[in-house]
Amino acid sequence: MLDPIHNYYEIGEFTFPVEQGFVFTDSSDLDKGEQTHLAGDLLEMSESADFSCTPYSSIARTQNGKLISIDHFYTP
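What counts as what
Residues numbered from 1 in each chain as written. Predicted model: local features only at pLDDT ≥ 70, side-chain atom pairs only at ≥ 80, totals over all residues. Heavy atoms only, no water. Core = buried A, V, L, I, M, F, W, Y, C linked by side-chain atoms within 4.5 Å. Buried < 20%, exposed > 50% of the residue type's maximum accessible area, 1.4 Å probe, protein only. Helix = DSSP H or I, 4+ residues; strand = E, 2+ residues; numbered from the N terminus. Polar contact = N/O pair within 3.5 Å; in protein donor to acceptor, adjacent residues only side chain to side chain. 1 Å grid on protein atoms, 1.4 Å probe; cavity = no way out; pocket = protein on both sides within 12 Å on 5 of 7 lines; lining within 4 Å. Points joined across faces, edges and corners; volume = space filled by probe spheres on them. Nonpolar A, V, L, I, M, F, W, Y, C, P; charged D, E, K, R; others polar.

**Description of the nonpolar core**
Right, on to step 1. Counting 5 residues, the largest nonpolar core is built from Phe22, Phe24, Leu42, Leu67 and Ile70.
Right, on to step 2. Contributions of two or more residues to this core are made by strand E1 (18-27) and strand E4 (66-73).

Structure (structure tokens):
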């Protein structure tokens, strides 16, 4: 039986092009609840928002080499 626990190791940084319908869903702050943002919203918020995503608190989805969504969630 395979071990169901995944281990992630940082190997560098890269940049994905963003799909036109990209969605960022943030439920990392329990007081604020879930917030959904489109790509244009993130550009406006870039200096005031905390986008500290890690492999343990985020899921990034790609399709055909483009970033289609990021889900950022609460981790204790």
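**Thoughts on the side chain of Ser58**
Right, on to step 1. Looking at the secondary structure, you find Ser58 in strand E3 (residues 58-63).
Right, on to step 2. Accessibility expressed as a relative area gives 14% for Ser58, which makes it buried.
Right, on to step 3. Within the structure, Ser58 has its side chain in polar contact with the side chain of Ser57 (distance 3.4 Å).
Right, on to step 4. Reaching out from Ser58, the side chain makes a polar contact with the side chain of His72 at a distance of 3.0 Å.

**So, unusual backbone geometry**
Right, on to step 1. Even without being glycine, Asn64 reaches a positive phi, approximately 55 degrees.
Right, on to step 2. With respect to the helices, strands and loops of the structure, Asn64 is situated in the loop between E3 and E4.

**Considerations on the layout of surface pockets**
Right, on to step 1. Each pocket or cavity is described by its volume, and for the largest pocket that value is around 900 Å³.
Right, on to step 2. Surrounding the largest pocket, 23 residues form its lining, Phe14, Cys53, Ser58, Ala60 and Ile70 being those nearest its centre.
Right, on to step 3. Those elements that place two or more of their residues in the lining of the largest pocket are E1, E3 and E4.
Right, on to step 4. Among the residues making up the lining of the largest pocket, the classes are represented as 17 nonpolar, 4 polar and 2 charged.

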